[in-house]
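Below are the chains, spelled out letter by letter.
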Amino acid sequence: MRLKPILILLVICQSLVAQKHIILSDFVKQVSISDLQLYYLDDPNCSTQPSELFSGMMDHQFRQVDFSNPDPALINSQPGGCIWFRFYFVNRSTRQFSFHLQRNNYSEFDEYQLFQRFDNGMVTIRKSGNDLHPKYKDVNISGSDDLRIFLPPGEADTLYLRVLLSDESVVSDLTFTISTHESVLARDRSKRLIFGLFVGIMLIMILYHIPLFVKGRENSYLFYILYILAFLLFFINKEGYLYELTPRFTSAPLSTFLQEIFLLFFLLFGRSYLDTRNTLQSWDTILLMAVWFTVGGLILSFSILLLQGLGIYVPVFIQLGGVAIIIVSAIGCLFLAIVPAMILTRENFQPARYFLFANLFLILGIAINYALTDYPIGKHSQELGVTLQILTFSIGLSERINLLKKSKEVAQRRIIDQLRENASLKDKVNRELEDKVQERTFEMQAQKEHIEKQNKEIKYSFDYAKKIQNTVLPRNEVFETLFGEHFIFFKPRDIVSGDFYWISQNEHKIVLTAADCTGHGVPGSLMSMLGITMLHEIVNEKNIAHSEEILNQLRLSIARTLKQEGKIGEQKDGIDMALIIYDTKTRQLEFSGANNPIYIIRNGEMLEYKGNNMPVAYYEKMSDFTRYTLDMKQGDRVYMFTDGFPDQFGGPQGKKFKYRPFKDLLLEISVRPMEEQQRILSLIFDEWKGDLSQIDDVLVIGLRL
């Protein structure tokens, strides 16, 4: 009986040794996960808990994934069940950044859950999948199902991924890759740039031709505009940007429905542009039949979308019928796009050649897309082909309109004569305007030079004020002497800051505060200098030794200095702050706060001590500040901060970071060295802020007692 636990342990160890680790590095931007690096566990009832996996008791049930010869459990997996995948990562990067776990584009799943356990026992869950709303996804880029991984440099960890299966899930085709966060963003920026250029060209063409349609009432312009709009919708769906706003509400292919729409408008445009009703009557009948055939496919695709969106089962043969219709429609459109145009080109119908060349551009783009799909030119050749097609269509429309205008040459000559007369008048007016513009330019140049000179003087004053403020703030060596391990994350919004920190020692007692003055920039910095001066006088000269008495005295000093008496229209400036007094002999800590709390993390739990709900200033409902006396233990971590970090706007929705995620973040990183905690805070703050402006000064102080 004693040998049984030993044998189980040996089996578990053997299974872990057999799984190869996945190397994470900042030198390799993307890594594919091979067979030996991925193990799976079939969980048909979704009953396995993460705690069972992290304890190691389920390791012997994991089996290696073989992409070339998948197990029957992967091939015959049932909807509603779950499959667990185990990854063993080793981070060999040289600096702190995150990675993306990515699946291939051929497998659809309702939900992903990635579990990671940290040294303090806390398990994080990152979610994604088709049924999840984009705002709750771990990463929301082009409708992707990426999951973020945070692993410090030089460390290794085992992560578990739970996949919830659906009717469209094809586990046997599932593969994974690991990419650095920077490379994902770089690819997305490049993709969005090309997308923006393409959409910009399309919108310009639409805006250019709308007035022409309104003016001429020519159906070709209308169908041309609708064709561009239909392809834009198809392209937006193809690139996944639609699913940045809404979950995949149906499993039916939305692209099929959109493709039917732009094929329909392509046929209508071609029929109107080539004027087949008058030039090729036999082909016009065929085009009409193709139009109604495409309308039937459009109705069928919309019905499938509607029924599956309502959760109604659609038979497979109906879905296959929709696919067959779109294939026939696409082939028919390509055929009808070339043959009538070739016939009319031979008959010297000039606009037909533009129509022919435009469609050849599209066909060439589609062919390159399928032939070179793994190369950058192949990925975007379809968009390039459509762009060239639409530009050529535009030129052809102009040529067609010119043919219609030849019958009105006499009237055009009269208009030209009038235009020449107007041009002569315009030249005269332009010369007068140029003289006035030149005169005004000289005046503006002088004003510009004057403003630049003033800006330089102001900039010099700001820089000098920053130098003075930095001189008054405590140096890092003081903190290292008094506390040892610590960090100070200080990020002013402007050149000078309204947030400040101050420290003082009297024998075995250390006084430390993190403060946020009203305002930021110059007003805030002046208030901070005033606060530092008053604290020095109260603590070091008057020898006031308790935290609440220091705040009470500081409030009196501020009210007296700023002449605050509670009258209407007077200054309401004050300070929000957290102040502690730490006795190094008794290991007792006093705390008093004005609108600001402190967090103490002990044995993986966070203790929050709130300050009084009033600032250090004249206030409508004033009372004495409260003093907390706390017995500290070895290894306790104390965090003091202002509201700049939690109130910063950012993220996918441009909302505030908020205090709850801020507390969770501090609790998650508290087990790491203080210097590393500061780097993580800086990284996450910059990632959250993104391209938005910093709204306030930021100050976070961490101490390990």
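Residues numbered from 1 in each chain as written. Predicted model: local features only at pLDDT ≥ 70, side-chain atom pairs only at ≥ 80, totals over all residues. Heavy atoms only, no water.

1. Points about a positive patch on the surface
A cluster of basic residues, Lys135, Lys655, Lys656 and Lys658, forms a positive patch at the surface. Looking at the element boundaries, lysine 135 is found in the loop between strand S8 (123-128) and strand S9 (147-150). Judged by relative accessible area, which is 46%, lysine 135 ranks as partly exposed. (Patch = residues over 30% accessible without salt bridge, like charges linked within 9 Å, V, L, I, M, F, W, Y side chains within 5 Å. Areas by Shrake-Rupley, 256 points an atom, 1.4 Å probe, with all protein chains shown as cover. Salt bridge = Lys/Arg side-chain N within 4 Å of Asp/Glu carboxyl O. Lys, Arg positive; Asp, Glu negative; His and termini not counted. Charge placed at Lys NZ, Arg CZ, Asp CG, Glu CD. Helix = DSSP H or I, 4+ residues; strand = E, 2+ residues; numbered from the N terminus. Buried < 20%, exposed > 50% of the residue type's maximum accessible area, 1.4 Å probe, protein only.)

2. Section: the state of the cysteines
Considering all chains together, one arrives at one disulfide under this definition. One disulfide bridge connects cysteine 46 with cysteine 82, the sulfur atoms lying 2.0 Å from each other. Judged by the sign of its S-S torsion, about 95°, the bond between cysteine 46 and cysteine 82 is right-handed. With cysteine 46 in the loop between strand S3 (39-43) and helix H2 (50-54) and cysteine 82 in strand S5 (residues 82-91), this pair connects stretches of sequence that are 36 residues apart. Using a relative accessible area of 1% as the deciding quantity, one classes cysteine 82 as buried. (Disulfide = S-S within 2.5 Å.)

3. Observations concerning a negative patch on the surface
Taken together, Glu432, Glu434, Asp435 and Glu439 make up a surface patch of like negative charges. The residue glutamate 432 is located in helix H13 (residues 409-472) in this model.

4. Some points on the environment of arginine 672
Along the chain, arginine 672 turns up in the loop between helix H17 (659-669) and helix H18 (674-689). A C-alpha to C-alpha distance of 47 Å links arginine 672 and serine 255, two positions 417 residues apart in sequence. The residues contacting arginine 672, other than those within four sequence positions of it, are Phe118, Pro152, Glu155, Gln677, Ile680 and Arg704. Among the polar contacts listed, one links the side chain of arginine 672 to the side chain of glutamate 676, at a separation of 3.3 Å. (Contact = heavy atoms within 4.5 Å. Polar contact = N/O pair within 3.5 Å; in protein donor to acceptor, adjacent residues only side chain to side chain.)

5. What to know about the sheet that holds strand S11 (residues 176-180)
The strand order S2-S11-S6-S9 describes an open sheet built from four strands, whose pairing is antiparallel. Bordering the open sheet on either side are strand S2 (30-32) and S9, each of which pairs with just one other strand. Here the average twist between neighbouring strands, direction ignored, is 25°. As judged from the five bridges shared by strand S6 (residues 98-103) and S11, these two strands associate in the antiparallel manner. Bridge assignment links arginine 103 to a residue of S11, and that residue is phenylalanine 176. Together, S2, S6, S9 and S11 form the strand contacts of helix H4 (residues 181-216), whose direction differs from that of S11 by roughly 90°. (Pairing = 2+ DSSP bridges. Axes fitted to C-alpha atoms, helices over the stretch in contact; angles between N-to-C directions.)

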